[in-house]
Amino acid sequence: QTDTLQQSLSSIETKLRNAPGPTVAFNVYRHDNSPVGYNEVSKLAALDHPPLQLRTGCFCNPGACQEALHLGDEDVKNNFLTSGHV
């Protein structure tokens, strides 16, 4: 029975080890409540030792990014035209 329990625990451990981690969505703001751009956040995270692994940007859902940052349609168009992203 011990062997069966060990096999079960080993199987669960393997599944957990190979499972994706949690997703945490957040925005970073300055003291004046202006948003910090994701490129800046990514660069600052990379300075940590070991570096923080972040997936940054709004490519998955640019509409949600627009709403979260209170950007108008013209803001989004201008951002895209000047920098190539929202």
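Keep in mind that this is a model prediction, so the values were computed, not measured.

*Asks:* Hey, could you run me through the side chain of Gln66 in this one?
*Replies:* Looking at the secondary structure, you find Gln66 in helix H3 (residues 62-68). The exposure class of Gln66 is buried, given its relative accessible area of 19%. Beyond its immediate stretch of four places on either side in the chain, Gln66 contacts Leu71, Gly72, Asp73 and Val76.

*Asks:* Explanation requested: a nonpolar patch on the surface in the structure shown.
*Replies:* There is a patch of nonpolar side chains on the surface, built from Val24, Phe26, Val28, Leu52 and Leu54 and spanning about 450 Å² of accessible area. When you line up the elements, Phe26 lands in the loop between helix H1 (2-18) and helix H2 (38-46).

*Asks:* Would you mind going over unusual backbone geometry with me for this structure?
*Replies:* A negative phi angle characterises most non-glycine residues, just as the trans form characterises most peptide bonds. Here His49 and Pro50 are connected by a cis peptide whose omega angle stands at -5°. Considering the arrangement of structural elements, one finds Pro50 in the loop between H2 and H3. Positive phi is not limited to glycine here, since Asn33 has a value of about 70°. Position of Asn33 relative to the elements: it lies in the loop between H1 and H2.

*Asks:* Could you clarify how one ought to interpret the environment of Gln66 in this entry?
*Replies:* Considered as a pair, Gln66 and Val76 are 10 residues apart in the sequence and their alpha carbons are 7.2 Å apart. In terms of polar contacts, Gln66 uses its side chain to reach the side chain of Asp73, at 2.9 Å.

*Asks:* Even after reading the chapter, I still don't get the confidence of the model for the protein, so can you show me in this structure?
*Replies:* Low pLDDT marks stretches whose predicted atomic positions should not be read closely. Of the residues in the protein, 80% have a pLDDT of 70 or more, and the chain-wide mean is 79. Across the protein, element-level confidence peaks in H2 with a mean pLDDT of 88 and bottoms out in H1 with 69.

Here is what the cut-offs are and how they apply
Residues numbered from 1 in each chain as written. Predicted model: local features only at pLDDT ≥ 70, side-chain atom pairs only at ≥ 80, totals over all residues. Heavy atoms only, no water. Helix = DSSP H or I, 4+ residues; strand = E, 2+ residues; numbered from the N terminus. Buried < 20%, exposed > 50% of the residue type's maximum accessible area, 1.4 Å probe, protein only. Contact = heavy atoms within 4.5 Å. Patch = residues over 30% accessible without salt bridge, like charges linked within 9 Å, V, L, I, M, F, W, Y side chains within 5 Å. Areas by Shrake-Rupley, 256 points an atom, 1.4 Å probe, with all protein chains shown as cover. Salt bridge = Lys/Arg side-chain N within 4 Å of Asp/Glu carboxyl O. Polar contact = N/O pair within 3.5 Å; in protein donor to acceptor, adjacent residues only side chain to side chain. pLDDT = per-residue confidence, 0-100.

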